[in-house]
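# A closer look at the structure
Residues per chain are reported as follows:
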Amino acid sequence: MASKVGERTRVAAIRAMELEDVDAVMAIEAAVQLTPWSSTHFRDCLGNANYLCQVATVDDVPAAFLILSRILDETHVLNIAVAPAWQRHGIARRLLQQALDAARADAMTVVYLEVRESNKSAQALYRQLGFEICGVRKNYYRKGEGHENAVLMQCLLSSGHK
């Protein structure tokens, strides 16, 4: 992914998240989530062998992140966020496409995620990548004074999953 910024072209690179990235990742999370994860949550993910934690960097600075849980033949997208300044530049698509490719290569059969019912742009991206709606979790996300439904989506990677 490349984008024009002034006279320079910047390219997002995807790499494993490191402990040193947690502060930057938390800043991204706080900027885009109504109920952001804590530092402890991110650190716990980094310490779990079943989790895959990645960042997309621009000029070596995290611009986005993706956290996946991988158990048996299933992958779950636990969290994905892009810094406001880098949204709509294809970074989330690249993170997810790379994750789907890796899941296929590792013989995973399905990828699941939840997304806010109101987040139509994210749902559209997920559909473009092969996800389909498979359910709803009522009142799953906090929203101001109330709650919002989560739309459950899945991407079947092989015919072996039921």
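Here's a quick rundown of the structure. Computed from a predicted model, the values in this text were never measured in an experiment.

The next point concerns the packing of aromatic side chains. By convention here, two paired aromatic rings are described through the distance between centres and the angle between planes. With the rule as written, the count across this model stands at four aromatic pairs. Seen from their ring centres, phenylalanine 42 and phenylalanine 65 are 5.4 Å apart, and the 85° between their planes marks the pair as edge-to-face. Taken together, the positions of phenylalanine 42 in helix α2 (residues 39-46) and phenylalanine 65 in strand β4 (residues 61-71) put the pair 23 residues apart, joining distant regions of the chain. Residue phenylalanine 65 is classed as buried on the basis of its relative accessible area, which comes to 0%. Among the aromatic side chains, those forming a connected cluster through ring pairs are Trp37, Phe42 and Phe65.

Moving on: the pairing of strand β8 (residues 146-156). Within β8, eight of the 11 residues are buried, leaving the element largely enclosed by the surrounding structure. Across seven bridges, strand β6 (residues 110-116) lies against β8 in antiparallel orientation. Bridge pairing links valine 110 to leucine 156 in β8. Where strand β7 (residues 132-143) lies against β8, eight bridges are found, and the strand directions are antiparallel.

For the rest of this paragraph, the subject is the packing of helix α3 (residues 91-105) against helix α4 (residues 120-128). The N-to-C vectors of α3 and α4 enclose an angle of 40°; their axes lie 11 Å apart at closest approach. Taken together, the axes of α3 and α4 lie oblique to each other. Considering only the axes of α3 and α4, their crossing is right-handed. Between α3 and α4, the contacting residues are Ala92, Arg93 and Leu96 on the first element and Leu125, Tyr126 and Gln128 on the second.

With their axes 10 Å apart at the nearest point, helix α1 (residues 22-32) and α2 run at an angle of 125° to one another. The orientation of α1 with respect to α2, classified from their angle, is oblique. Seen along the crossing, α1 lies across α2 with a hand that is right-handed. The residues of α2 that touch α1, namely those facing Val22, Val25, Met26 and Glu29, are Ser39, Phe42, Arg43 and Leu46. Its residues assigned to classes, the contact of α1 with α2 comprises five nonpolar, one polar and two charged.

For aspartate 59, which is not glycine, the phi dihedral falls at a positive 55°. Assignment of secondary structure puts aspartate 59 in the loop between β3 (51-58) and β4.

Moving on, we come to the pairing of β3. For a regular strand, the rule is simple: side chains alternate between the two faces of the sheet. Counting buried positions along β3 gives six out of eight residues, so the element sits mostly inside the fold. When β3 meets β4, the two strands line up antiparallel, connected through eight bridges. In the strand pairing of β4, valine 55 is matched with phenylalanine 65. Where β3 folds back onto β4 in an antiparallel hairpin, the turn is made up of two residues, including aspartate 59, whose phi is positive at roughly 55°.

Counted by the stated rule, this structure contains five salt bridges. Measuring nitrogen to oxygen at the nearest pair gives 3.8 Å for the salt bridge that ties aspartate 101 to arginine 104. Of this pair, aspartate 101 and arginine 104 both sit in helix α3, separated by three residues, roughly a single helical turn. Here arginine 116 makes a salt bridge to glutamate 148, at a shortest N to O gap of 3.1 Å. Placement of arginine 116 in strand β6 and of glutamate 148 in strand β8 is noted, with a sequence separation of 32 residues between them. Across the pair, glutamate 148 and arginine 116 agree in class, each one buried.

Definitions and cut-offs
Residues numbered from 1 in each chain as written. Predicted model: local features only at pLDDT ≥ 70, side-chain atom pairs only at ≥ 80, totals over all residues. Heavy atoms only, no water. Phe/Tyr/Trp six-rings, centres within 6.5 Å; stacked < 30°, edge-to-face > 60°. Helix = DSSP H or I, 4+ residues; strand = E, 2+ residues; numbered from the N terminus. Buried < 20%, exposed > 50% of the residue type's maximum accessible area, 1.4 Å probe, protein only. Pairing = 2+ DSSP bridges. Axes fitted to C-alpha atoms, helices over the stretch in contact; angles between N-to-C directions. Parallel < 35°, antiparallel > 145°, perpendicular 65-115°, else oblique. Left-handed = near helix turned anticlockwise from the far one by under 90°. Contact = heavy atoms within 4.5 Å. Nonpolar A, V, L, I, M, F, W, Y, C, P; charged D, E, K, R; others polar. Salt bridge = Lys/Arg side-chain N within 4 Å of Asp/Glu carboxyl O.

The values are spatial; any link to function lies outside them.
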